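Survey of secondary and tertiary structure
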Amino acid sequence: MRYLDREIANLVREALGQLPVVVLTGMRQSGKSTLLLNEGFLKERYYTNLDVFTSLEAARENPEAILDRPGQVTIDEAQRAPDLLLAIKMLVDDKREAGRFLLSGSANFLLMEKVSESLAGRAIYLYLRPMTRRELAGETRKTSFLVKMLASGKPPRRRGEVIPLKDQEVLTGGMPPVCTAEVKSKELWLEGYEQTYVERDVRNLASVGDLISFRRILRLAANRTAQILNISGFATDAGVNVATAKRYLGLLETSFMIFMIPPYLGNRASRLIKSPKVFLADSGLASHLIGLDRFNDSPLKGHLFETYVAQNLLAILEAHQPRARLHFWQVQGRHEVDFVIEHGNKVLAVEVKAGTRWSGKDLSGLKAFLSATPNCIGAILAYNGQEQVNLGDGLWAVPLGTLLS
């Protein structure tokens, strides 16, 4: 199958030119190994994959034999031999050479702990998210809508046809084997993915004894994706205490199965929500865990559209504007905005609407945010139509297909 360029690839190249260690992490099957083996600028490096038994044994028995060589080294699934990290630290301290080591690791708390302890100040950590709409369309070499908008303060007009975001795209998500139709049965693949994660990764790496409760927390996270985190609610519904719910949610976050978006607190509006929003890492996986293969009248449609948009926005921003931060805004019982993008002293507000039409009520949160935030350069109602409309006073209606381009 043809390799599709990933948003993060250029940042990996740039990081290798400046730092001795680059760590590429992400959820299992997000495409890390494929990137490492197919990007042209990585092909001259020595490559080893520690998922291969012989390579793993060699790394455990004699790590210096793999690491201390004249060329640059790429180690896939590096978390499987944590002693390598101490050896890498010693070699880097002895000879600090840009791009010397490129490590990848699947969702693994051991890797994150060891890397943070051993390689502080020596490494940069990059995250490969599920595939974006831009990646699937082969448009990663085009400047993204978000980058242009943050630079100019006005939404650029997209040339050519705007393709609405289809329900099936959201239900499929961005896991490469699924969204590229590499596998014949999406549901069968996702079922196997869930089993492997829960029964192998979690059991082996985190010593979770009660896998039934853990799986229940995972499914609750899917059902509550794109919603304010309520840990006590998770605990009650999962039948565990709050401490256990916190541990399991922390485990899901550390292993990249969920991510949190913090609230935007950059203004003085009263009663601002201070808890984060929780998102499942991939809308397709969330749909599978919920048991949705079509939306019909599901009340979760809006949340899953928001989840798909979030994973796309983060992938684009992390690759092209790594200093930008994604938030949400909510004044309890009054106003809310799905996404607030903060870049330096600029702020951009985005409200997501799965439908093809909007009303004045859909604009109320954006208007309130504009009024409360002097440094907001604009507010976007991202709807699932095809026309871009200037609504005045810093407000625009922008097609979802344009926002994610």
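A brief report on the enclosed structure follows. (Residues numbered from 1 in each chain as written. Predicted model: local features only at pLDDT ≥ 70, side-chain atom pairs only at ≥ 80, totals over all residues. Heavy atoms only, no water.)

Focus: the environment of Thr254
- When you line up the elements, Thr254 lands in helix α14 (residues 242-254).
- Look at Thr254 and you get partly exposed, because its relative accessible area is 33%.
- Sequence separation between Thr254 and Met27 is 227 residues, and the spatial gap between their C-alpha atoms is 9.7 Å.
- Separated by 2.8 Å, the side chain of Thr254 and the backbone oxygen of Gly250 make a polar contact. (Helix = DSSP H or I, 4+ residues; strand = E, 2+ residues; numbered from the N terminus. Buried < 20%, exposed > 50% of the residue type's maximum accessible area, 1.4 Å probe, protein only. Polar contact = N/O pair within 3.5 Å; in protein donor to acceptor, adjacent residues only side chain to side chain.)

With respect to the sheet that holds strand β5 (residues 123-127)
- If you trace the five strands from one edge of the open sheet to the other, you get β2-β3-β4-β1-β5, paired in parallel fashion. The two strands at the open ends of the sheet, each matched to only one other strand, are β2 (46-49) and β5. Across the sheet, the mean angle separating the axes of adjacent strands is 15 degrees when strand polarity is ignored.
- Both strand β1 (residues 21-25) and β5 contribute to a ladder of five bridges, which runs parallel. By the bridge assignment, Val23 is partnered in β5 with Tyr125.
- Those strands touched by helix α1 (residues 9-16) are β1, β4 (101-105) and β5, and its axis lies near 175 degrees from that of β5. (Pairing = 2+ DSSP bridges. Axes fitted to C-alpha atoms, helices over the stretch in contact; angles between N-to-C directions. Contact = heavy atoms within 4.5 Å.)

Some points on empty space enclosed by the protein
- Here the structure, examined in full by the defined rule, presents one cavity of 30 Å³ or more.
- Its volume calculated, the largest cavity comes out at about 50 Å³.
- Lining the largest cavity, in full, are Arg6, Glu7, Ile8, Tyr127, Leu128, Arg129, Pro130, Glu135, Ala315, Glu318 and Ala319. (1 Å grid on protein atoms, 1.4 Å probe; cavity = no way out; pocket = protein on both sides within 12 Å on 5 of 7 lines; lining within 4 Å. Points joined across faces, edges and corners; volume = space filled by probe spheres on them.)

Comments concerning the packing of helix α13 (residues 231-238) against α14
- Contact geometry for α13 and α14: axes closest at 8 Å, N-to-C directions at 105 degrees. Judged on the interaxial angle alone, α14 and α13 are roughly perpendicular. In contact with Ile231, Ser232, Phe234 and Ala235 of α13, α14 contributes Val242, Ala245, Lys246 and Leu249.
- Partitioned by chemical class, the residues of the contact of α13 with α14 number six nonpolar, one polar and one charged. (Parallel < 35°, antiparallel > 145°, perpendicular 65-115°, else oblique. Nonpolar A, V, L, I, M, F, W, Y, C, P; charged D, E, K, R; others polar.)

What about helix α3 (residues 53-61)?
- Regarding α3, the residues found buried are Ser55, Leu56 and Ala59. Taken end-on, α3 shows its buried residues confined to a sector of 100 degrees, consistent with a single buried face. Facing away from the buried surface of α3 by more than 90 degrees, the exposed residues are Phe53, Thr54 and Glu61.
- Where the residues of α3 are buried, they touch β2, α4 (63-67) and α5 (83-94). (Arc of directions from axis to C-beta.)

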